[in-house]
Amino acid sequence: LSERLVEERELDEFTSGLMSTLAEVSSPMSMLRTAVSASSGYDPDGWDQSTEANERKAMRLIARFPTMIAAFHRLRSEQDMVPPNPKLPHAANFLFMLLGEEPDEEAARAFDICLVLHADHTMNASTFVARVIASTLSDMHSAVTGAIAALKGPLHGGANEAVMEMLEEIGEVDKVEGFVKEKLGRKEKIMGFGHRVYKTEDPRATHLRRLSRELGERAGETRWFEISERIEKVVQDEKGLYPNVDFYAASVYHYLGIPHDLMTTVFAASRVSGWTAHVREQLAD
């Protein structure tokens, strides 16, 4: 599997050429939506809808999402694009292409865990969209493009970016209680809490809380973890709500050096494995 992902990381010439334009005019999620749609015309399997072709398309999409995101970020930051490193596995290579230096083992492992935790999660909004599109016997790229469009919204994938903005707005641990109570008093949402399915703690949040603490300690900057932990306590006391997957993911991604506005695209880079699996299952029935 790792070898196949390495083989498929390079973008086709058209999509690669499109990146400089998208870096000038697009938001990160709009870039990803447009790049995936555009790449459909240059997929080596074309419009072949066979089971075998769709498996190969899925593999390409999973392999190339990180390349698209990293290329976009480097170009918009006026930095040189970093080509994929065939010696690095999936998670480590993503951080390498994005940040321009090879991550240490702990950072790569933490990011790998994040990708595993976000890979799939029942019939969420974006997965539902992907399956509806596939149910019309539409193609893999159309289904994934629709899923990206659904994930773009702040009530779905955009929540992790909103959490980090909230952490920065609060800034200090001793300001948490006043901030949260004031927001709740105005009937406003505290992003990263509550879930359609889980009425207790989201099991993914358990791992991300630990990663946030560990990465903060390694960085010598535990403030974002401490603010997050205090928010969790206040929201639990005031509303009885538990954090979901987005809440601690925000500080984890921040500690890993991932820009805030790329957080939802990173979510997509993980969830594409789930989306494509659902599409393949839908088409097989």
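In this text, all values refer to a predicted model and were calculated from it rather than measured experimentally.

Conventions and cut-offs
- Residues numbered from 1 in each chain as written.
- Predicted model: local features only at pLDDT ≥ 70, side-chain atom pairs only at ≥ 80, totals over all residues.
- Heavy atoms only, no water.
- Helix = DSSP H or I, 4+ residues; strand = E, 2+ residues; numbered from the N terminus.
- Rg over C-alpha atoms; globule rule 2.2 N^0.38 Å.
- Buried < 20%, exposed > 50% of the residue type's maximum accessible area, 1.4 Å probe, protein only.
- Contact = heavy atoms within 4.5 Å.
- Areas by Shrake-Rupley, 256 points an atom, 1.4 Å probe, with all protein chains shown as cover.
- Lys, Arg positive; Asp, Glu negative; His and termini not counted.
- Charge placed at Lys NZ, Arg CZ, Asp CG, Glu CD.
- Phe/Tyr/Trp six-rings, centres within 6.5 Å; stacked < 30°, edge-to-face > 60°.
- Bend = angle between axes of the 7 residues up to and from the residue.
- Polar contact = N/O pair within 3.5 Å; in protein donor to acceptor, adjacent residues only side chain to side chain.
- Core = buried A, V, L, I, M, F, W, Y, C linked by side-chain atoms within 4.5 Å.
- Salt bridge = Lys/Arg side-chain N within 4 Å of Asp/Glu carboxyl O.
- Axes fitted to C-alpha atoms, helices over the stretch in contact; angles between N-to-C directions.
- Parallel < 35°, antiparallel > 145°, perpendicular 65-115°, else oblique.
- Nonpolar A, V, L, I, M, F, W, Y, C, P; charged D, E, K, R; others polar.
- Left-handed = near helix turned anticlockwise from the far one by under 90°.

Let's talk about the overall build of the protein chain
Scanning the protein chain for helices and strands turns up 14 helices and 0 strands. When its helices and strands are written in sequence order, the protein chain yields α-α-α-α-α-α-α-α-α-α-α-α-α-α. Over its C-alpha trace the protein chain gives a radius of gyration of 19 Å, about what one expects of a compact globule, namely 19 Å for 285 residues. Once the C-alpha set of the protein chain is aligned to its principal axes, its extents read approximately 55 × 40 × 35 Å. A total of 285 residues make up the protein chain; the buried ones form 53% of that total. Contacts in the protein chain between residues far apart in sequence, at least 24 positions, make up 76% of those at least 6 positions apart. Surface accessibility of the protein chain: about 13200 Å² in total, with carbon and sulfur atoms responsible for 50%. Each charge class in the protein chain was averaged separately, 32 positive and 45 negative side chains, and the resulting centres sit 5 Å apart.

Things to note about the packing of aromatic side chains
For the coordinates displayed, the defined rule picks out 6 aromatic pairs. Taking 6.4 Å as the distance between ring centres and 65° as the angle between the ring planes, the aromatic pair formed by Phe111 and Tyr253 counts as edge-to-face. Taken together, the positions of Phe111 in helix α6 (residues 105-118) and Tyr253 in helix α13 (residues 245-255) put the pair 142 residues apart, joining distant regions of the chain. Classification of Phe111 by relative accessible area gives buried; the value is 0%. Arranged with centres 4.6 Å apart and planes meeting at 50°, the rings of Phe193 and Phe247 form a pair that is tilted. Remark: Phe247 occurs in helix α13 and Phe193 occurs in the loop between α10 (176-185) and α11 (203-219); sequence separation between them is 54 residues.

Observations regarding helix α2 (residues 13-25)
Helix geometry: α2 is bent most strongly at Met19, by close to 30°. Buried-residue contacts for α2 involve α3 (28-39) and α4 (51-76). N-cap assignment for α2: the residue whose side-chain oxygen lies 3.1 Å from the backbone N of Phe14 is Asp12.

Description of the nonpolar core
Counting 87 residues, the largest nonpolar core has Leu32, Phe65, Phe111 and Ile231 as its most contacted members. Considering each element in turn, this core owes the most residues, 11 residues, to α4. For Phe65, the contacting residues outside a window of four places in its chain are Leu32, Val36, Val144, Ile148, Ala268, Ala269, Val272 and Trp275.

Quick look at the pattern of salt bridges
Pairs can form between side chains of opposite charge whenever their charged atoms are close. One pass over the structure, following the stated rule, counts 23 salt bridges. Note that Lys183 is salt-bridged to Glu188, the shortest N-O span being 3.0 Å. When its relative accessible area of 17% is taken as the criterion, Lys183 is described as buried. Owing to a relative accessible area of 31%, Glu188 belongs among the partly exposed residues under this scheme. We note a salt bridge from Lys233 to Asp237, for which the minimum N-O separation is 2.9 Å.

Structural notes on the side chain of His278
Positionally, His278 belongs in helix α14 (residues 263-284). Beyond its immediate sequence surroundings of up to four residues, His278 is in contact with Asp120, Thr122, Thr127 and Arg131.

Regarding the packing of α4 against helix α8 (residues 140-151)
Here α4 crosses α8 at 40°, and the two axes come no closer than 10 Å. Here α8 runs oblique to α4, going by the angle between their axes. Across the interface between the two elements, Asn54, Lys57, Ala58, Leu61 and Phe65 of α4 pack against Met140, His141, Val144 and Ile148 of α8. Among the residues making up the contact of α4 with α8, the classes are represented as 6 nonpolar, 2 polar and 1 charged.

Points about the packing of α3 against α4
The contact between α3 and α4 brings their axes to 10 Å, and the two run at 130°. Classed by the angle they form, the pair α3 and α4 counts as oblique. In this structure, α3 meets α4 at a crossing whose hand is right-handed. In this structure, α3 uses Pro28, Met31, Leu32, Ala35, Val36 and Ser39 to contact α4, whose residues at the interface are Leu61, Phe65, Met68, Ile69, Phe72 and Arg76. For the contact of α3 with α4, the per-class residue count stands at 10 nonpolar, 1 polar and 1 charged.

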